[in-house]
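# Reading the structure
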Amino acid sequence: MRDSAAAHELYSPDAGFARDMAVHHQQAVEMSFIVRDRTQDEPVRGLAYDIANTQANQRGMLLGWLDLWGLPKVVADEPPMSWMQAGEGHGGHAGHGAAKAGALMPGMATKEELERLGAANGRDAEVLYLQLMTDHHKGGVTMAEGCARQCATPAEKALAQGMVEAQQSELKLMEDMLRQRGAAPR
């Protein structure tokens, strides 16, 4: 199956997902580097390492596709996740939870939450990271499911489906890690 030309239009689901998920992934990488320096707990550091490497790699793929398609990485008049609303008759992502005040997209941490993570140490940093990353992955899964349904580029659809599966697995792991620390997802 070949990519359709429409898939590579400025406001297509393919382009919108690539732009939005690149931004979403960048924050996951940032949070993972923060927690790496705030704890000595090897399981949390290992998870952070895996998330940072996986999502940095995927981010590079998404940005590379935008370059390949001759599309900008940022579109000033495009609200985050508008590609999901355009492609779904039931209101796109609205039914999956809107972004909290101060966050760019669903699941993303606010500036204040990132500052709290950067100031925390040890178990406090571990718990906050796991809670923030749980929220982050839930938002990412919703976006990736949207691309798996709506995107036309086969490689991008496959990447999105892989993101869904990997992040759902990590959600279970993070729930267990939180339980081991006497905490729970928010």
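Here is a short report on the structure shown in this document. No experiment lies behind these values; they were computed from the predicted model shown. Throughout this document, residue positions are counted from 1 along each chain, in the order its sequence is written. Per-residue local features of the predicted model are confined to residues with pLDDT of at least 70, and side-chain atom pairs are confined, for both listing and counting, to 80 or more; whole-chain, interface and lining totals are unaffected and use all residues. To obtain the side-chain values, all non-hydrogen atoms of the structure were included, while hydrogens and water were left out.

### A word on the overall build of the protein
Scanning the protein from N- to C-terminus turns up six helices and zero strands. The globule rule is 2.2 Å times the number of residues to the power 0.38, and the radius of gyration it is compared with is taken over C-alpha atoms. In terms of overall dimensions, the protein is globule-like: its C-alpha atoms have a radius of gyration of 17 Å, near the 16 Å expected for 186 residues. Along the first, second and third principal axes, the C-alpha set of the protein runs to 50 × 30 × 25 Å. Exposure is judged per residue with a 1.4 Å probe applied to protein chains only, and the accessible area is read against the type maximum: over 50% gives exposed, under 20% gives buried, and values in between give partly exposed. With 186 residues in all, the protein has 49% of them scored as buried. Contact between two residues is taken to exist if any of their heavy atoms lie within 4.5 Å; hydrogens are not considered. Of all intrachain contacts in the protein linking residues separated by at least 6 positions in sequence, the fraction that spans at least 24 positions is 76%. Numbering of helices and strands runs from the N terminus, with a helix taken as a DSSP run of H or I at least four residues long and a strand as a DSSP run of E at least two residues long.

### A word on the state of the cysteines
To count as a disulfide, a pair of cysteine sulfur atoms needs to be within 2.5 Å. All told, the structure shown has one disulfide when counted by the stated rule. Across the disulfide, Cys 147 is cross-linked to Cys 151 (sulfur-sulfur distance 2.3 Å). Here the S-S torsion is close to -125°, and the disulfide linking Cys 147 with Cys 151 is therefore left-handed. A residue is classified by how much of its surface remains accessible, and Cys 147, at 0% relative accessible area, is buried. Cys 151 gets classed as buried once you look at its relative accessible area, which sits at 4%.

### Focus: the side chain of His 24
Inspection of the secondary structure assignment puts His 24 in helix α1 (residues 13–36). Here His 24 is in contact with Met 105, Pro 106, Gly 107, Met 108, His 136, Gly 139, Gly 140 and Met 143, once residues within four sequence places are set aside.

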